[in-house]
Amino acid sequence: MGAEGIAAVAPHAPARDGARRGRGIAYQIPRNSLALLMVAQVAVVLPFLLHLAPWLIAVCLFCCCWRYGVYQGRWDYPSRLLKALVVVAAVAGVALSNVPGFSLEAAASLLNLAFALKLIEMKNRRDAYVVIFLGYFLIATLFLFDQSMLQAGYQLFAIVVVTAAMVGMNQLATRVRPFSNLRLAGALILQALPLTVVVFLFFPRLAPLWSVPLPNASVTGLREEMTPGDVAELGRSDALAFRAVFTGAPPAPRELYWRALVYSRFDSGTWSVGPDPGAAAGPDFDRDETTARSYEVLLEPTFARWLVALETPLPESPGIVLTRDWRLQAPDPVLAVYRYRARAYSGAVPEPDLVRPMRARETALPAEDNPRIRAFAVALREATPDTRAFVDALLTHIRSEPYFYTLNPPVLPREHSIDRFWFETRRGFCTHYAGAVVFMLRAVGVPARLVGGYQGGEVNPITGHVVVRQYDAHAWVEYWQPGAGWIRVDPTGAVAPARIEQGLRAALSAEDRASLPVLGGVRLRESGMVRGLLDWVDSLDHRWNLWVVGYDGQLQADVLKRLLGEVTPLRIGIAVATGGALSGAVVALILFWRRRPPSRHPVERMFAGFCARMARLGWARRPDEPPGSYLDRVAAAAGQSADARARTIARLNGLLYNPAAPGGRAELRQLRGELRRLQFRLAFGPSSGVPG
């Protein structure tokens with residue numbers, strides 16, 4: 001018998017003394033509830049495997065095993081000295097895990113350790129409630145890491161398990177049944193959902209009262225520094241970058257150049273964004289609304305301020321900044337799915353006049369790096385003095401020479417990396433070609449810059465939104481011409497035109513496809529049952545982001561305006577009160593409906609009514625009297641013949657014991673008529689009256 005069981009059956013002081021000292025059966029944890037608590041701990045801790053150090057989860061599971069040993073009576077509770085040493089070791093382990101001291105990872109790590117260590121020292125109901133509340137808090141904490149629909153479904157299951165443990169804590173020790181508690185906990189959660197929906201719709205979206213630094217490790221996506229191989233690494237990732245919803249049909253993939261970062265500084269083989277150019281003075285270009293495209297983006301967390309936008313953007317959501325290099329920036333780092341609107345003006349001329357600081361910024365090059373390609377660019381420039389012709393000559397050179405587009409380019413040294421690529425390896429991804437062209441343009445004095453972002457995207461056939469993944473990451477070139485502004489040129493279109501026209505799937509070799517993850521390879525196929533299933537899952541996730549994760553203050557204001565008309569505090573209060581009352585009424589109706597008496601067959605209801613009416617006349621049915629015998633006694637008192645009584649009794653027994661027999665409705669009408677006549681004769685006939 002386990003330690004809890006021994007404590008439960010051991011003799012105790014009187015109840016009052018036991019209550020004073022916190023002991024006794026009333027303070028013990030029911031064994032089945034303890035088992036549910038351990039299951040709940042595993043369910044709550046497991047998702048943190050994706051976000052925290054594995055040794056933390058191992059410690060939590062070890063504590064659960066220790067508690068199970070105490071449960072079986074094999075191990076003892078830890079002593080105070082041992083608990084102190086374990087706490088110190090846990091805090092030291094978190095400090096040595098390369099986790100920032102004040103961050104979400106550190107807070108979640110300590111909270112998980114507290115949850116696990118509290119479990120092994122748990123002795124009474126008060127300790128159990130602390131563990132339960134810590135479990136609820138950990139469930140809420142996990143949403144700071146991941147707010148996907150799959151995560152929400154799993155966390156709903158974890159809430160049910162923790163609630164089942166709490167239900168068991170409020171039952172007698174002999175009546176705790178785990179599966180029954182799980183059903184009851186699920187029913188409680190379902191009953192709370194209507195009120196949850198009301199609060200979700202109407203409760204104001206307020207800014208947090210405090211700030212917590214959110215995850216900063218293992219950030220995927222574009223970065224502010226880029227070496228030629230970085231985008232190639234992204235090409236192997238099928239992680240979601242963002243989704244876009246267009247007003248009307250989406251553009252063709254070749255027109256979808258999603259601008260994110262502008263790399264203006266080159267040093268030792270690495271491109272970087274350089275100093276912040278600041279906000280643009282205003283959209284100083286002629287806006288042709290007939291060519292404008294309006295769209296909405298749901299950007300996945302990037303933990304940076306940059307946003308994606310089509311060329312020549314104009315933000316339509318409040319707080320978004322248009323920078324001097326024609327990018328969009330959020331007011332704060334994007335830590336969750338970020339929803340915003342923008343417009344793109346194709347054919348506009350951005351920045352027709354280039355100020356001197358921007359010219360110096362976009363023509364700077366290190367003095368001694370890559371001398372061979374400098375000489376190549378200068379020689380080509382002398383042959384083609386016109387800038388557009390110079391760019392066309394570079395693209396023609398790429399097309400005519402044996403250059404190759406690949407996800408697996410050779411590793412280049414940091415010094416003279418462009419020389420090695422252009423003249424020797426000739427194998428690269430988009431960053432290799434775009435970086436080389438920018439370098440050569442600057443080498444001949446033309447302002448140019450490397451633009452990083454995404455190109456293309458796949459249209460989900462179910463919802464019509466555009467899905468852009470990390471393997472759509474791309475880099476291209478912008479160079480400046482007087483009066484024409486910044487002009488885009490994409491060298492990838494020269495070496496792999498199918499990449500621009502049809503997407504990444506058409507440009508990859510068999511070797512490159514083999515290096516992709518399984519789902520990435522499936523998504524890059526044209527069709528198939530698995531691809532259709534992935535599109536369906538993506539459509540569900542898009543709707544989740546659109547209406548749940550993306551339900552911000554702006555969307556709430558739009559929804560409330562449609563529901564309430566003029567949005568005022570009084571109307572919101574009335575709506576919340578009405579919604580709360582209706583949700584409570586729905587739950588109450590369901591509870592009363594479940595507790596209603598079981599429905600009876602019409603024959604039973606008719607005979608029960610007959611017995612009640614006869615009892616008022618003094619002919620009550622005895623508790624041990626069968627229906628046939630009672631009817632025979634009453635009919636005999638009414639003076640019916642033996643044959644008539646036999647027919648009525650046979651009809652009654654046939655309907656009572658075989659209600660689904662053929663002709664039952666006709667028999668029921670005949671029986672109802674006979675019972676009414678029998679009641680009339682007893683009430684008004686010569687033999688009426690109470691039997692002596």
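Note: the structure precedes this text.
Since we're looking at a predicted model, the values are computed, not measured. Chains are numbered independently. Their residues run from 1 in the order of the written sequence. Predicted model: local features are reported for residues with pLDDT of at least 70 only, side-chain atom pairs are reported and counted for 80 or more only, and whole-chain, interface and lining totals are derived from all residues. Each side-chain value is worked out from all heavy atoms of the structure, with water and hydrogens disregarded.

Draft legend 1. Fine view of the overall build of the protein. Summing up its helical and strand segments, the protein has 26 helices and 17 strands in all. Buried residues in the protein amount to 46% of all 692 residues. In what follows, a contact means two residues having at least one pair of non-hydrogen atoms within 4.5 Å. The contacts of the protein with a sequence gap of at least 6 include a subset with a gap of at least 24, amounting to 72%. Only the protein chains shown count as cover for residues, and the accessible areas themselves come from Shrake-Rupley with a 1.4 Å probe. As presented, the protein carries roughly 34900 Å² of accessible surface, and 61% of it is formed by carbon and sulfur atoms. Helical segments are the DSSP runs of H or I of at least four residues, strand segments are the runs of E of at least two, and each set is numbered from the N terminus. Per-residue accessibility, obtained with a 1.4 Å probe over protein chains only, is compared with the maximum for each type, and a residue is labelled buried under 20%, exposed over 50%, and partly exposed between these values.

Draft legend 2. Quick peek at the nonpolar core. We call a set of buried Ala, Val, Leu, Ile, Met, Phe, Trp, Tyr and Cys residues a nonpolar core when their side-chain atoms join them within 4.5 Å. Judged by nonpolar contacts, the single largest core of 73 residues is most densely connected at Phe242, Trp258, Tyr295, Val297, Val308, Leu441 and Tyr454. Here this core gets 9 residues from one element, more than from any other, and that element is helix H15 (residues 430-443). Counting residues in each nonpolar core, the second largest holds 47 residues, with Leu104, Ala128, Val161 and Met169 among its members.

Draft legend 3. Local environment of the layout of surface pockets. Only protein atoms enter the 1 Å grid used here. Points where a 1.4 Å probe fits but cannot escape make up a cavity, open sets with protein on both sides within 12 Å along at least five of seven lines make up a pocket, and a residue lines them when an atom lies within 4 Å of a point. Grid points are joined across faces, edges and corners, and a volume is the space filled by probe spheres set on the points. In this structure, the second largest pocket occupies an estimated 450 Å³ of space. Taken together, 23 residues form the lining of the second largest pocket, with Glu311, Tyr345, Ser346, Gly347 and Arg488 sitting closest to its centre. Elements with a minimum of two residues in the lining of the second largest pocket: strand S3 (257-263), strand S10 (338-345) and strand S17 (485-489). Three classes are used, and their members are as follows: Ala, Val, Leu, Ile, Met, Phe, Trp, Tyr, Cys and Pro are nonpolar, Asp, Glu, Lys and Arg are charged, and the others, Gly among them, are polar. Among the residues forming the lining of the second largest pocket, the class breakdown is 12 nonpolar, 4 polar and 7 charged.

Draft legend 4. Spotlight on the pattern of salt bridges. Throughout this description, the term salt bridge denotes a Lys or Arg side-chain nitrogen within 4 Å of a carboxyl oxygen of Asp or Glu. Applying the stated rule across the entire model yields 24 salt bridges. With a closest N to O distance of 2.1 Å, Glu311 and Arg488 form a salt bridge. Here Arg488 lies in strand S17 and Glu311 lies in the loop between strand S6 (292-299) and strand S7 (313-315), a separation of 177 residues in the sequence. Take Glu311: its relative accessible area is 25%, and that puts it in the partly exposed class. Residue Arg488 is classed as partly exposed on the basis of its relative accessible area, which comes to 32%. A cluster of three or more residues bridged by salt bridges with shared partners is formed by Arg259, Arg361, Glu362, Arg442, Arg449 and Glu478.

Draft legend 5. Seen up close, empty space enclosed by the protein. Applying the stated rule across the entire model yields 3 cavities of 30 Å³ or more. In terms of lining, the largest cavity is formed by 11 residues, of which the most central are Glu458, Val467, Arg469, Arg531 and Asp535. When residues of the lining of the largest cavity are traced back to their parent elements, those giving at least two are strand S14 (458-459), strand S15 (466-469) and helix H20 (529-549). Ranked by residues supplied to the lining of the largest cavity, first place goes to H20 with 4 residues. In this structure, the second largest cavity occupies an estimated 80 Å³ of space. Lining of the second largest cavity is provided by Pro228, Phe266, Gly269, Trp271, Leu412, Ser417, Ile418, Phe421, Thr431, His432, Gly435 and Ala436. If you list the elements that add at least two residues to the lining of the second largest cavity, you get helix H14 (417-425) and H15. The element contributing the most residues to the lining of the second largest cavity is H15, with 4 residues. Class assignment for the residues of the lining of the second largest cavity results in 7 nonpolar, 5 polar and no charged.

Draft legend 6. Quick peek at helix H24 (residues 627-637). Listed in full, the buried residues belonging to H24 are Pro627, Gly628, Tyr630, Leu631, Val634 and Ala635. Each buried residue of H24 lies within a common arc of 160° when the element is viewed along its axis, so the set occupies one face. Note on H24: the residue one or two positions beyond its end, Gly639, has a positive phi of about 90°. To be clear, the arc concerns the directions from the helix axis to the C-beta atoms.

Draft legend 7. Quick peek at the pairing of S6. A large share of S6 lies buried, amounting to 7 of its 8 residues. Of the strand pairs in this sheet, strand S2 (residues 240-246) and S6 are connected by 5 bridges, and their pairing is antiparallel. If you follow Ala244 over to S6, its bridge partner there is Val297. Only strands joined by at least two bridges in the DSSP assignment are considered to pair. The pairing of S6 with S10 spans 8 bridges and is classified as antiparallel. Its bridge partner lying in S10, Leu299 is registered against Tyr338.

The values reported here are purely geometric and, on their own, carry no functional implication.
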